[in-house]
Protein chains: 2
Amino acid sequence: MNPFAFWNPTALYYGAGQIEQHLLTEVKKYGSKVLLVYGGGSIKTFGLYDKIVDLLKSGGVTVLEFSGIEPNPRLSTVHKAIELCKKEGVDLLLAVGGGSVLDATKAIAAGVKYDGDVWDFYTRKERPQDALPFGTILTLAATGSEMNSGGVISNWETQEKIGSSSPHTFPKFSFCDAENTFTVSKKQTVYGIVDMFSHVLEAYFSHTTNTFLQERMMESVMQTIIENAPKVLDNPHDFAARETMMYCGTMALNGMISMGVQGDWATHAMEHEVSAIYDIPHGGGLAIIFPHWMNYVVDAGEERFYQMATRVFHIDPTGKTTKQVAQEGIQAVRHFFDSMDAPSTLGDYDIGDKDLDRMAEHAVRVGPVGNYKKLAKEDVAAILRAAL
Amino acid sequence: MNPFAFWNPTALYYGAGQIEQHLLTEVKKYGSKVLLVYGGGSIKTFGLYDKIVDLLKSGGVTVLEFSGIEPNPRLSTVHKAIELCKKEGVDLLLAVGGGSVLDATKAIAAGVKYDGDVWDFYTRKERPQDALPFGTILTLAATGSEMNSGGVISNWETQEKIGSSSPHTFPKFSFCDAENTFTVSKKQTVYGIVDMFSHVLEAYFSHTTNTFLQERMMESVMQTIIENAPKVLDNPHDFAARETMMYCGTMALNGMISMGVQGDWATHAMEHEVSAIYDIPHGGGLAIIFPHWMNYVVDAGEERFYQMATRVFHIDPTGKTTKQVAQEGIQAVRHFFDSMDAPSTLGDYDIGDKDLDRMAEHAVRVGPVGNYKKLAKEDVAAILRAAL
């Protein structure tokens, strides 16, 4: 493994009844004026909004609101929330939603404590030096944002979608009650599953040596996702299945399974280019691109693909070459995504080759992307073309 | 899984060069007067002591010392260190050693901030409300104390060995450089391996349902320990093998693989009784008792033993009953310990049945021990008798 520093100070609460028992105590550690940040208002339809607001108000907490965070959260929206926080002197943010709401909240938290434009953190012009404290209540199993310091923001003006992270933007606390994911649509559930599975793949395809335990832990998450996916999709109100999926999402990207591992992350970089222009769901984009990335880079290390094929998908390697098994592994990933009706071509989102060159160009703006195989502009273009 | 709250704020540093690069910065976050806590002085033989002291002094840090922490760290020693800290006004403790030194440091840290006897925390008379900050530099892969809040102290006067934990006693930072474990003897290395393996077993034998990912992660740690053990024992200077083992030790007991899982912990409780009287190495005691505990409780749930046998030890279940496979699994654990020349009977430490009744009595002083199967006094006595 590579030398590493790991630090993850988020207080993580899982299970039924935890919000009722601990939310107020956690909030009051940081102040008495809270800004509730949420998305399109689905949290009002199943009672979560009322529960939280009633709970906070009963404890003497002043609750302000900021709603309308988009699925690919926009910089312009983040700007508005920052302004509100500065004007109102908010003590704490409380994100209620999925990864987009949480990512937006991280941007707001860092932006409130910065005099310039928060976008500077995403373009790497500056690093956050401080952030407003924030907590989260998760309503979608997917991004792992509830227990990490990263977030992705879309700048619609420049058509850029970029991620950023900072030690200052870990949630102080996160509440994960699987019941709050019961009403997530089948489509959104699938996107979430693809997203968390992809997070593991990004770490798994690595040339870092001496990572025996990390690899096994990643395989554990992948196997559990695969086993659990049909349960969640067949019965969206199955608490145990929803909770297992939520837990897989958290563990896939809280840094624990990938300590000291240099991941790849080219597929995320490529997906960001696509959704920066076409505003497609992140999980949908990943489902399309990942198998094509795999086909393109398999020669850079067939062994890890073989390992995934045999250990995660239990493909029998008898009488087959490493390459054959590796390719069956890639097919198994595609098949897993297909089994959930995830999209498989950019055409599924009516995306043609019009902006392909521009996307490839922007993907490599600071150099080649990926680590398993370094991808130059023409590599990115080739992968996206294969995905058309 | 059970509802759970997880919080682990330790900053974990792994790899070569991390001490040189980050120790001074970490220390200075907490003050400029440090008490170095260590054991018998082995850290002086391979240069670690000099390296740390030089580094701290070069940064203007005042370094005091407290040495002589015993392998089963004693309350009387902890008392002396607390007195020294209070007298000198120490800002921060720096534990350099294995689990015993780290556990003692946790007791010192909590004791300095408490007016009564720190033993109150171990007898559950009081809970720590505060603690002096402390960091650790690990020299033995075993207990996981470098990334958890627990510690075990022996009261030689009352012949009690009891563990305690508190949110206040997480290390602020821990440095794990596998090179600092190169000179650990074969015997101590084996004890460490048995200890970390046992930590996983204690969590693994559980009736908590819906813990698919947690179980797989535990199996990942066990498999990696088993694979890696011969490498470490054959070549104690193999950095990669030593680091993998160190990492297994950390992951076995930092809470990550067992979120929401009710573990058993009867074997640890029984071992503590034995070593409270006979002062035997913890890992040695566990190696003796664990397989006997398994034999005794297997009827309380053969399925998990079957799962361990097939998934961890790859025992072929074809044509065998669940019970047979379960028993082969238990034999495999015994065989794994034997393969490293770990002790297998209490007789190996010249322990007879003299104090057996007294140990069993004390083990259940606050009620039955264990969760996989609740053990009353006569159960404990039967297990210890089988281990004679």
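No experiment lies behind these values; they were computed from the predicted model shown.

### Some points on the overall build of chain A
A tally of regular secondary structure across chain A gives 15 helices and eight strands. For chain A, the C-alpha radius of gyration of 20 Å lies close to 21 Å, the compact-globule estimate for 388 residues. Seen through its C-alpha atoms, chain A measures out along the principal axes to roughly 70 × 45 × 40 Å. Looking at chain A as a whole, 62% of its 388 residues are labelled buried. The long-range fraction of contacts in chain A, counting pairs at least 24 apart against all pairs at least 6 apart in sequence, stands at 77%. With an accessible surface of roughly 14,000 Å², chain A has 49% of that area assigned to carbon and sulfur atoms. Mean positive and mean negative side-chain charge positions of chain A (34 and 47 charges, respectively) differ by 3 Å.

### Points about the pattern of salt bridges
All names here are of chain A. A complete count under the given rule lists 40 salt bridges over all chains for this structure. The partner of Glu271 in a salt bridge is Lys161, with the nearest N and O atoms 3.4 Å apart. Highlighted residues: Glu271 in helix 10 (residues 266-278) and Lys161 in strand 7 (residues 160-165), separated in sequence by 110 residues. Lys161 shares its class with Glu271; the two are buried. Across the salt bridge formed by Lys320 and Glu328, the nearest N and O atoms sit 3.3 Å from each other. Here Lys320 falls in the partly exposed class, since its relative accessible area comes to 30%.

### Let's talk about helix 8 (residues 212-234) of chain A
Residue and element names in this part refer to chain A. Look at helix 8: 34 Å from first C-alpha to last across 23 residues, which is about the 33 Å you get at 1.5 Å a residue. At Asn228, helix 8 shows its maximal bend, which comes to roughly 35°, and the proline Pro230 appears one to four places after that position. Most of helix 8 sits inside the fold, with 17 of its 23 residues counted as buried.

### Focus: the environment of Asp316 of chain A
Residue and element names in this part refer to chain A. Within the fold, Asp316 resides in the loop between helix 12 (302-312) and helix 13 (322-339). Overall, Asp316 belongs to the partly exposed group, its relative accessible area being 47%. Sequence spacing of Asp316 and Asn2 is 314 residues, and the spatial spacing of their C-alpha atoms is 32 Å. Side-chain polar atoms of Asp316 contact the side chain of Thr318, separated by 2.4 Å.

### Points about the relation of the copies chain B and chain A
Rotating chain B by 180° and translating it 0.0 Å along the rotation axis places it on chain A, where the RMSD comes to 0.0 Å. What the rotation and shift describe, once combined, is the action of a two-fold rotation axis. For chain B, the smallest separation between a C-alpha atom and the rotation axis is recorded for Pro9 of chain B, amounting to 2.2 Å.

### Some remarks on the UniProt feature "domain: Alcohol dehydrogenase iron-type/glycerol dehydrogenase GldA" (unreviewed entry) in chain A
As annotated in UniProt, the feature "domain: Alcohol dehydrogenase iron-type/glycerol dehydrogenase GldA" (unreviewed entry) corresponds to residues 9-177 of chain A in the numbering used here. Annotation note: span residues 9-177 of chain A, helix share 34%, strand share 25%, distance between end C-alpha atoms 20 Å.

### Some remarks on the pairing of strand 6 (residues 150-155) of chain B
Every regular strand shows the same layout, with side chains that alternate between the two sheet faces. Residues and elements named next belong to chain B. Among the six residues of strand 6, five are classified as buried, and the element is accordingly described as predominantly covered. Here strand 6 runs beside strand 7 (residues 160-165); their pairing, made up of six bridges, is antiparallel. Across the sheet, the residue bridging to Val152 is Gly163, located in strand 7. From the end of strand 6 to the start of strand 7, which pair antiparallel, there are four residues, and Gln159 there has a positive phi angle of about 50°.

### Some details on the domain arrangement of chain A
Residues and elements named next belong to chain A. Partitioning chain A into structural domains gives domain 1 (11-181) and domain 2 (186-386). In this structure, domain 1 and domain 2 have C-alpha centres spaced 27 Å apart. Counting the surface lost from both domain 1 and domain 2, the interface buries some 2,300 Å², and carbon and sulfur atoms represent 57% of this. In this assembly, domain 1 and domain 2 are joined by two salt bridges. Notably, a salt bridge pairs Arg74 with Asp279, separated by 3.0 Å at the nearest N-O pair. The tally of links from domain 1 across to domain 2 stands at 13 residue pairs in polar contact (both at pLDDT 80 or more). Residue assignment for the side of domain 1 that touches domain 2 shows that the elements contributing at least two residues are strand 1 (4-14) and strand 7. The element contributing the most residues to the side of domain 1 that touches domain 2 is strand 7, with three residues. Here the residues of the side of domain 1 that touches domain 2 sort into 13 nonpolar, seven polar and six charged.

### A word on the UniProt feature "domain: Fe-containing alcohol dehydrogenase-like C-terminal" (unreviewed entry) in chain A
Residues annotated in UniProt with the feature "domain: Fe-containing alcohol dehydrogenase-like C-terminal" (unreviewed entry) correspond here to residues 189-388 of chain A. Helix makes up 64% of residues 189-388 of chain A and strand 0%. Its end C-alpha atoms lie 24 Å apart.

### Comments concerning the packing of aromatic side chains
Under the definition given, this model contains 44 aromatic pairs over all chains. Centroid distance Phe290 of chain A to Trp293 of chain A: 5.5 Å. Interplanar angle 85°. Geometry classified as edge-to-face. Here Phe290 of chain A pairs with Trp293 of chain A, and both are found in helix 11 (residues 282-297), just three residues apart, close to one helical turn. A relative accessible area of 0% means that Phe290 of chain A is categorised as buried. When the centroid spacing of 6.3 Å and the interplanar angle of 50° are considered together, the rings of Trp293 of chain B and Tyr372 of chain B count as tilted.

### A look at the environment of Tyr306 of chain A
The topology assignment puts Tyr306 of chain A in helix 12. Classification of Tyr306 of chain A by relative accessible area gives partly exposed; the value is 28%.

### Quick notes on unusual backbone geometry
Phi at Asn210 of chain A takes a positive value of approximately 55°, unusual for a residue other than glycine. Along the chain, Asn210 of chain A turns up in the loop between helix 7 (186-204) and helix 8. One non-glycine residue, His314 of chain B, lies in positive phi territory at about 55°. Summarising the element assignment, His314 of chain B is placed in the loop between helix 12 (302-312) and helix 13 (322-339).

### Section: the interface of chain B and chain A
Taken together, the contact between chain B and chain A spans 38 residues of the former and 38 residues of the latter. The contact between chain B and chain A buries some 3,400 Å² in all, and 62% of this surface belongs to carbon and sulfur atoms. If you look at where chain B meets chain A, you find two salt bridges. Of the charged contacts in the structure, one is a salt bridge between Glu227 of chain A and Arg216 of chain B, with a shortest N-O distance of 2.5 Å. Across the chain B-chain A interface, the total number found is 19 residue pairs in polar contact (both at pLDDT 80 or more). Of all the secondary-structure elements, those providing two or more residues to the side of chain B that touches chain A are strand 1 (4-14), helix 8 (212-234) and helix 9 (239-252) of chain B. Considering only residue class, the side of chain B that touches chain A consists of 24 nonpolar, 10 polar and four charged. Note: strand 1 of chain A against strand 1 of chain B, seven bridges, orientation antiparallel. In the strand pairing of strand 1 of chain B, Phe6 of chain A is matched with Leu12 of chain B.

### A look at the packing of helix 11 of chain A against helix 15 (residues 377-386) of chain A
Residue and element names in this part refer to chain A. Orientation of helix 11 relative to helix 15, taken along the N-to-C sense of each, is 125°, at an axis distance of 9 Å. As judged from the angle between their axes, helix 11 and helix 15 are oblique. Where helix 11 crosses over helix 15, the handedness of that crossing is right-handed. Together, Ile289, His292, Trp293 and Tyr296 of helix 11 and Asp379, Ala382, Ile383, Leu384 and Ala386 of helix 15 make up the contact between the two elements. For the contact of helix 11 with helix 15, the class distribution of residues is seven nonpolar, one polar and one charged.

About the criteria used
- Residues numbered from 1 in each chain as written.
- Chains lettered and ligands numbered in written order.
- Predicted model: local features only at pLDDT ≥ 70, side-chain atom pairs only at ≥ 80, totals over all residues.
- Heavy atoms only, no water.
- Helix = DSSP H or I, 4+ residues; strand = E, 2+ residues; numbered from the N terminus.
- Rg over C-alpha atoms; globule rule 2.2 N^0.38 Å.
- Buried < 20%, exposed > 50% of the residue type's maximum accessible area, 1.4 Å probe, protein only.
- Contact = heavy atoms within 4.5 Å.
- Areas by Shrake-Rupley, 256 points an atom, 1.4 Å probe, with all protein chains shown as cover.
- Lys, Arg positive; Asp, Glu negative; His and termini not counted.
- Charge placed at Lys NZ, Arg CZ, Asp CG, Glu CD.
- Salt bridge = Lys/Arg side-chain N within 4 Å of Asp/Glu carboxyl O.
- Expected span 1.5 Å × (residues − 1).
- Bend = angle between axes of the 7 residues up to and from the residue.
- Polar contact = N/O pair within 3.5 Å; in protein donor to acceptor, adjacent residues only side chain to side chain.
- Least-squares fit on C-alpha atoms with pLDDT ≥ 70 in both.
- UniProt positions renumbered as here; feature names shortened; annotations may be inferred.
- Pairing = 2+ DSSP bridges.
- Domains from an automatic or database assignment.
- Buried area = accessible area lost by both parts, 1.4 Å probe.
- Nonpolar A, V, L, I, M, F, W, Y, C, P; charged D, E, K, R; others polar.
- Phe/Tyr/Trp six-rings, centres within 6.5 Å; stacked < 30°, edge-to-face > 60°.
- Axes fitted to C-alpha atoms, helices over the stretch in contact; angles between N-to-C directions.
- Parallel < 35°, antiparallel > 145°, perpendicular 65-115°, else oblique.
- Left-handed = near helix turned anticlockwise from the far one by under 90°.

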